[in-house]
Structure formats: C-alpha cells, structure tokens
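Chain by chain, the residues:
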Amino acid sequence: KHKLVSGSDDYKADDATTTSLGAIYVIKRRELNEPLERIVASIVERPSKHRDLYANWEKLIRVTNAKCNIESADGGFITHLSEVLKQNPGEYLAPSLNPYKEDSHKKTKSSTSQYKFGTYPHKWNKEKLIETVINYTEQDFPIGYDDAGLPIIKYGIDLIEDSMLLQEMLDYTPGGKFDRLMSFGWALLYARHLDKYN
C-alpha cells in the first residue's frame, strides 16, 4: 500500500502575468533494495483552463494510486474533487502533515493545522522541504564494485533524470517560483512521513 506517492504545487488562477506552472510529481518510495525514492511520473503545465490542470492531476493520481501531498493553502484541487467530480478528496489526498513539527527537537508556535489535507507552506515547512531535498541529492549508496573490488558509489542527484527539475534546484532562491522543486519536495516529505509512521 502507498508504494507510490505524489506532491503538487498549484498556481493562482488569476496569476497570468507570471511564469508559474501547475506541477505534480509521482515518486516511488524507497524499499530495502532501493535506498532512495525515484521519480516515476510528472506533469508540469499551465493549460488555458485551470480545471484541465486538476483533471490531469486527478487522472494521474487515480492511475498510479499515488495519494498527493498538496500545498494546503491552495484549495482549488480539493474543490474540483469534491464539487466538480463529486469524489471524496481523502481518496486522492494526503492528510494534513506538518513535517517541521514532526522533528521532535524542533518546536513551532503553530498548533494543529486548520487544513484537512496536505502541508501548509509556512517558512518552517518550506525550509524542511529544501533540507530534505538537499539531503536526498547528497545521499550516497553503492551500486556494485569495480575491477579492483572497490565500491561504485552513486548519489541521489544521479537518480533525478528531469533536467528542468535539476535546473530549478540550481536556480533556487527563497521566495521564487520553483514549481517542480516544490512538487517533488512535497512528495518526498510525504514519503518520508510514511516511512516514519507506517
């Protein structure tokens, strides 16, 4: 159950003057023989109708059975699922998560989230997202041995075969528009949450 999870980053419907895109990334969770998560699918687009974006997200989640960790401040996808499709959003969306607060040694002033689904993008959760992505890219693991018997090492960054996501990682500055990076990060945080609790 939940071998695949996803994360998404929406854009404001009236935000037509920016290059912001709607993005969703599906990742395969790590297992005993696979020490790191892998991206298996993504959609990054800005269709002329916002509902087309949500329809594509819903199809991808349904086909992959990859519950989505949305940015909880963006309620458009929840509305689309519940009011337009008459679906239970809980079948598609991760419950409310607070990744920063889950670290026992860290305290925040915020209490439980007012949102039923996803992760609220306050600065502490965004910092946790970036920290988790950086740790992912730097994690090393052996993939075999060379002729001299020495281990051949790969890193998490080697598993990312998405050139646009890699570019966003290089260009990242706090407060900017990095839709792919945020979507991948929300998915990664959800996967790590499940690793802890399930």
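Shown above is the structure to which this text applies.
Overview of the structure. (Residues numbered from 1 in each chain as written. Predicted model: local features only at pLDDT ≥ 70, side-chain atom pairs only at ≥ 80, totals over all residues. Heavy atoms only, no water.)

**Focus: the sheet that holds strand 3 (residues 38–45)**
As a reminder of what qualifies: Strands qualify as paired when DSSP identifies two bridges or more between them. Only DSSP runs of H or I covering at least 4 residues are called helices, and only runs of E covering at least 2 are called strands; the numbering of each starts at the N terminus.
With mixed pairing, 4 strands are arranged side by side in an open sheet as 3-2-1-4. The strands lining the two open edges of the sheet, one partner per strand, are strand 3 and strand 4 (68–69). Note that strand 1 (residues 4–9) and strand 4 share 2 bridges and pair parallel. Within strand 4, the residue paired with Gly-7 across the bridge is Asn-69.

**Remarks on unusual backbone geometry**
For clarity, the cut-off: Any residue under 20% of the maximum accessible area for its type is buried, any over 50% is exposed, and the rest in between are partly exposed; the area is computed with a 1.4 Å probe on protein chains only.
Of note, the phi angle at Asn-65 is positive, near 55°, even though the residue is not glycine. Judged by its relative accessible area of 56%, Asn-65 falls in the exposed class. Phi at Lys-86 is positive, roughly 55°, even though this residue is not glycine. In this structure, Lys-86 sits in the loop between helix 2 (76–84) and helix 3 (99–102).

**Some words on helix 2**
Rules: Summarising the geometry, the arc corresponds to the directions from the helix axis toward the C-beta atoms. Any two residues whose heavy atoms approach within 4.5 Å are treated as being in contact.
Of the positions making up helix 2, those classed as buried are Phe-77, His-80 and Leu-81. Across the axial projection of helix 2, the buried residues extend over an arc of 90°, all falling on one side. Looking at the packing, one finds that the buried side of helix 2 touches helix 1 (50–64). Backbone geometry just after helix 2 places Lys-86 at a positive phi near 55°.

**Thoughts on the environment of Val-26**
Here Val-26 lies in strand 2 (residues 22–28). Taking relative accessible area as the criterion, Val-26 reaches 0% and is therefore assigned buried. C-alpha of Val-26 to C-alpha of Ala-41: the two residues are 15 residues apart in sequence and 5.1 Å apart in space. Filtering out sequence-adjacent residues up to four positions away, Val-26 remains in contact with Leu-4, Val-5, Ser-6, Arg-38, Ile-39, Val-40, Ala-41, Leu-60, Thr-64 and Ala-66.

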